[in-house]
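Descriptive analysis of the structure
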Amino acid sequence: MSHHLSGPNLRSPMGDARLDLTDLFVFTVPGGRTVLIMNVNPVAPTGGRAFHPDAVYRVNIDTVGDHQAHIAYSFTFSDPADDGEQTLTVHRATGDEARAHEAAGTPLFVDAPVSFGPHPVVTEAGPYMVFAGLRSDPFFADLDGIVDDFQWTGTDWGADKNVFGIVLEMPGMELGAQPEIGVWARVSVHQGGKLTSVDRGAHPSLTAYFNAEEAKDAYNAGEPADDWDTYLAPWTAVLRHTGGYSEELAEEVLRTVLPDILRYDRSEPAAYPNGRTLTDDVTSARLAMISGGKVPTDHIGPHTDLLPEFPYLGTPHLKDA
């Protein structure tokens, strides 16, 4: 999967789907605006009917290329009411507060509504727009074919699946004057009196292919700035085994995804790995990388239910809709 089930043994972190980061997207739209999308909770609402009220969902922005967060947007949610309603608060942090994992900084939205029905509720404040709630999962892949030694079925696993989406749109200058940024997402949860990072990532389908089961928790707790030193050797070994890479070529290829920060030059069109749009075929990109080009695609195309306007994610699949 793209980043679904990123805990050990193909399970959600801590066995809780609400804490499971599924995908990260960053792209621009007309008017010089940048869109950040962070999806969680695979196969929603089966794994949880509301966002985790003790979690901090966060998107980090590196504005200078040093693999550190200089701007961070944190999304926190209220306890769901008896009727299932929930609200969202968004903070924008800079400096040291951006490098911590707690929600801190300037509040941009306080108690904005969360929508779990078919119609997205969009909230605006100043130059920002935000949405959080149930949406159609944009991830597409022939997962049955992947696990069956690339015997393709022609079936898109994600065609009828939902996620919880968090979508933030703003003027590009809010993310710095330079066109190139680096973006990654993190999910942390308050437990036992401390905040623990339980999932993080930027590039799709890394931990599933590259990390041994016993390494996944440490990876999810880690910092991108440490990725190159920590994961170059074991991930090189994976590529040499799966794709027949030389050590030198493996290192060259891994420079695209290590550190695990999605680079985006906003002066160029978004197309993975330069940012990521909702229609980029990241499954084929990762298959080609892992196999050394021997498996170039899974023959599954992007979803057609995407919206042309904010919040861009498609209408959720609801049995009673």
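Residues numbered from 1 in each chain as written. Predicted model: local features only at pLDDT ≥ 70, side-chain atom pairs only at ≥ 80, totals over all residues. Heavy atoms only, no water.

Now for helix 7 (residues 282-291). Most of helix 7 sits out of view: eight of its ten residues are buried. Within helix 7 the residues assigned to the buried category are Val282, Thr283, Ser284, Arg286, Leu287, Met289, Ile290 and Ser291. Trailing helix 7 by a residue or two, Gly292 shows a phi angle of about 65°, which is positive. (Buried < 20%, exposed > 50% of the residue type's maximum accessible area, 1.4 Å probe, protein only. Helix = DSSP H or I, 4+ residues; strand = E, 2+ residues; numbered from the N terminus.)

Further remarks concern the pattern of salt bridges. The full count for this structure, using the stated rule, is twelve salt bridges. The shortest N-O distance in the salt bridge between Arg18 and Asp16 comes to 2.8 Å. Of the charged contacts in the structure, one is a salt bridge between Asp23 and Arg276, with a shortest N-O distance of 2.8 Å. Separated by 253 residues along the polypeptide, Asp23 in strand 1 (residues 21-29) and Arg276 in the loop between strand 12 (262-265) and helix 7 bring together distant segments of the chain. (Salt bridge = Lys/Arg side-chain N within 4 Å of Asp/Glu carboxyl O.)

Turning our attention to the environment of Phe139. Structurally, the position occupied by Phe139 is in the loop between strand 8 (128-136) and helix 2 (143-147). For Phe139, a relative accessible area of 2% corresponds to the buried category. Measuring from C-alpha to C-alpha, the distance between Phe139 and Val90 comes to 25 Å, with 49 residues separating the pair along the chain.

Attention now goes to helix 6 (residues 247-254). Every buried residue of helix 6 is listed here: Ala250, Val253 and Leu254. One side of helix 6 holds all its buried residues, which, seen down the axis, span an arc of 95°. Pointing more than 90 degrees away from the buried face of helix 6 are the exposed residues Glu248 and Glu252. On its buried side, helix 6 packs onto helix 3 (207-210), helix 5 (227-243) and helix 7. (Arc of directions from axis to C-beta. Contact = heavy atoms within 4.5 Å.)

One pass over the structure, following the stated rule, counts 15 aromatic pairs. A centroid spacing of 5.9 Å and a plane angle of 45° characterise the contact between Phe150 and Trp152, whose relative ring orientation is tilted. For Trp152, a relative accessible area of 28% puts it in the partly exposed group. With a centroid separation of 5.6 Å and an interplanar angle of 40°, the aromatic rings of Tyr231 and Trp235 are classed as tilted. Here Tyr231 pairs with Trp235, and both are found in helix 5, just four residues apart, close to one helical turn. Neither residue differs from the other here; Tyr231 and Trp235 are each classed as buried. A network of ring pairs unites the aromatic residues Phe51, Tyr57, Phe77, Phe116 and Phe164 as a single cluster. Over the ring of Trp157 we find Lys161, and its NZ or CZ is 4.5 Å from the ring centre. Above the plane of the ring of Tyr219 lies Arg200, whose end atom (NZ or CZ) is 4.0 Å from the centre. (Phe/Tyr/Trp six-rings, centres within 6.5 Å; stacked < 30°, edge-to-face > 60°. Lys NZ or Arg CZ within 6 Å of the ring centre and 35° of its normal.)

Moving on to the pairing of strand 11 (residues 194-201). As paired elements, strand 10 (residues 180-191) and strand 11 share seven bridges and run antiparallel to each other. Along strand 11, the bridge assignment pairs Val187 with Asp199. Between strand 10 and strand 11, which pair antiparallel in sequence order, lie two residues; one of them, Gly192, sits at a positive phi of approximately 60°. (Pairing = 2+ DSSP bridges.)

Within the fold, Arg58 resides in strand 3 (residues 55-62). For the buried Arg58, no salt bridge is present, and the opposite-charge side chain at shortest range is Glu102, 7.5 Å distant. In terms of polar contacts, Arg58 uses its side chain to reach the backbone carbonyl oxygen of Ala98, at 2.8 Å. (Lys, Arg positive; Asp, Glu negative; His and termini not counted. Polar contact = N/O pair within 3.5 Å; in protein donor to acceptor, adjacent residues only side chain to side chain.)

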